[in-house]
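Now for the letters of each chain:
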Amino acid sequence: MNLKNNYPRVGNGFDVHKFIIGRKLIIGGVDIPHSKGLDGHSDADVLTHSIMDAMLGAVALGDIGKHFPDTDDVYKNANSLHLLKHILVNTQLKNYSLINLDAIIIAEKPKMSKYIDLIRQNYANIFKCDLDRISIKATTTEKLGFTGRGEGIAATAIVNIIKNF
């Protein structure tokens with residue numbers, strides 16, 4: 001079968017960050033009130049990081065560490081939504097459009113439900129697509145594992161993209 005470049009591509013991403021005191025909790029570009037934030041070189045936006053890895057994986061461009069190493073001070077406290085925009089404009093991803101995004105935030109606390117619509121809108125704006133292409137869900141692990149013990153937050157993402165013609 002000769003598909004050339006006229007076929008959808010799928011990528012998946014996963015990220016995890018531990019909680020620390022003295023930092024804002026940023027998820028999907030939204031500042032979520034909580035007693036702790038996430039530890040990381042950038043703003044530690046675990047959801048956006050999983051989406052970036054999914055996007056990069058869909059076109060075999062590696063992971064976010066390859067593009068934004070934590071050894072480079074340029075990315076210290078960087079806004080992860082800006083990093084997502086950067087890869088969408090400055091890599092071969094600029095030739096692709098999002099078909100859909102499906103992501104899950106895995107956290108015992110804080111509860112995410114009242115922030116989901118804001119997060120979805122942030123991504124719809126970045127991807128320049130209708131809101132119905134962006135699915136963001138949140139779940140707990142029923143107090144099991146590191147997320148269940150309140151030690152951090154994880155996120156997974158799956159993207160489906162297609163080359164622009």
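Up top is the structure these notes are about.
**Student:** Explanation requested: the overall build of the protein chain in the structure shown.
**Tutor:** Along the backbone of the protein chain there are 5 helices and 7 strands. Overall, the protein chain shows an N-to-C arrangement of helices and strands of β-β-β-β-α-α-α-β-α-β-α-β. Against the globule reference of 15 Å for 165 residues, the protein chain gives a C-alpha radius of gyration of 16 Å, in line with a compact fold. Seen along its three principal axes, the alpha-carbon backbone of the protein chain occupies a region of about 50 × 35 × 25 Å. Sorting the 165 residues of the protein chain into buried and exposed places 47% on the buried side. In the protein chain, the share of contacts with a sequence separation of at least 24, taken over all contacts with a separation of at least 6, comes to 71%. As displayed, the protein chain offers around 8,800 Å² of accessible surface, 51% of which is attributable to carbon and sulfur atoms. One finds the centroid of the 20 positive side-chain charges in the protein chain at a distance of 3 Å from the centroid of its 17 negative side-chain charges.

**Student:** What is the right way to read unusual backbone geometry from this model?
**Tutor:** What you tend to see is this: most non-glycine residues have negative phi, and most peptide bonds are trans. The omega torsion of the bond from Lys109 to Pro110 falls at -5 degrees, within 30 degrees of zero and hence cis. Counting through the fold element by element, Pro110 comes out in the loop between strand S5 (96-106) and helix H4 (116-127). Even without being glycine, Ala44 reaches a positive phi, approximately 65 degrees. With respect to the helices and strands, the residue Ala44 is situated in the loop between strand S4 (37-38) and helix H1 (46-58). The phi torsion at Lys128 lies on the positive side, around 50 degrees, for a residue other than glycine. Relative to the assigned elements, Lys128 resides in the loop between H4 and strand S6 (134-139).

**Student:** Help me out: how do you make sense of the packing of helix H3 (residues 80-90) against H4 in this one?
**Tutor:** Working note: a packed helix pair is described by the angle between its axes plus the distance between those axes. Viewed as axis vectors pointing N to C, H3 and H4 meet at an angle of 25 degrees, and their least axial separation amounts to 10 Å. Looking at the two axes, H3 sits roughly parallel to H4. By crossing handedness, the relation of H3 to H4 is classed as right-handed. The residues of H4 that touch H3, namely those facing Leu81, Leu84, Lys85 and Leu88, are Asn122, Tyr123, Ile126 and Phe127. Its residues assigned to classes, the contact of H3 with H4 shows 6 nonpolar, 1 polar and 1 charged.

**Student:** When you look at the nonpolar core in this model, what are you seeing that I'm missing?
**Tutor:** The tendency in soluble globular proteins is for nonpolar side chains to be buried side by side. Ranked by size, the top nonpolar core spans 49 residues in total, and within it Ile27, Leu101, Tyr123 and Phe127 carry the most contacts. Every element with two or more residues in this core is listed here: strand S2 (25-27), strand S3 (30-32), H1, H3, S5, H4, S6 and strand S7 (152-163). Here the element with the most residues in this core is H1; it accounts for 8 residues. Apart from the residues lying within four places of it in its own chain, the contact partners of Phe127 are Ile51, Met55, Leu84, Leu88, Leu98, Leu101 and Ile134.

**Student:** I keep staring at the pattern of salt bridges and nothing clicks. Help me out?
**Tutor:** Pairs can form between side chains of opposite charge whenever their charged atoms are close. Tallied over the entire structure, the rule returns 4 salt bridges. Here Asp31 and Lys24 are joined by a salt bridge, their closest N and O atoms 3.6 Å apart. Exposure remark for Asp31: the relative accessible area of 41% places this residue in the partly exposed category. With relative accessibility at 56%, the residue Lys24 sits in the exposed group. The residue Lys137 makes a salt bridge to Asp102 at a minimum N-O spacing of 2.3 Å. Residue Lys137 is located in strand S6, and its partner Asp102 is located in strand S5; the two are separated by 35 residues in the primary sequence.

Rules of the game
- Residues numbered from 1 in each chain as written.
- Predicted model: local features only at pLDDT ≥ 70, side-chain atom pairs only at ≥ 80, totals over all residues.
- Heavy atoms only, no water.
- Helix = DSSP H or I, 4+ residues; strand = E, 2+ residues; numbered from the N terminus.
- Rg over C-alpha atoms; globule rule 2.2 N^0.38 Å.
- Buried < 20%, exposed > 50% of the residue type's maximum accessible area, 1.4 Å probe, protein only.
- Contact = heavy atoms within 4.5 Å.
- Areas by Shrake-Rupley, 256 points an atom, 1.4 Å probe, with all protein chains shown as cover.
- Lys, Arg positive; Asp, Glu negative; His and termini not counted.
- Charge placed at Lys NZ, Arg CZ, Asp CG, Glu CD.
- Axes fitted to C-alpha atoms, helices over the stretch in contact; angles between N-to-C directions.
- Parallel < 35°, antiparallel > 145°, perpendicular 65-115°, else oblique.
- Left-handed = near helix turned anticlockwise from the far one by under 90°.
- Nonpolar A, V, L, I, M, F, W, Y, C, P; charged D, E, K, R; others polar.
- Core = buried A, V, L, I, M, F, W, Y, C linked by side-chain atoms within 4.5 Å.
- Salt bridge = Lys/Arg side-chain N within 4 Å of Asp/Glu carboxyl O.

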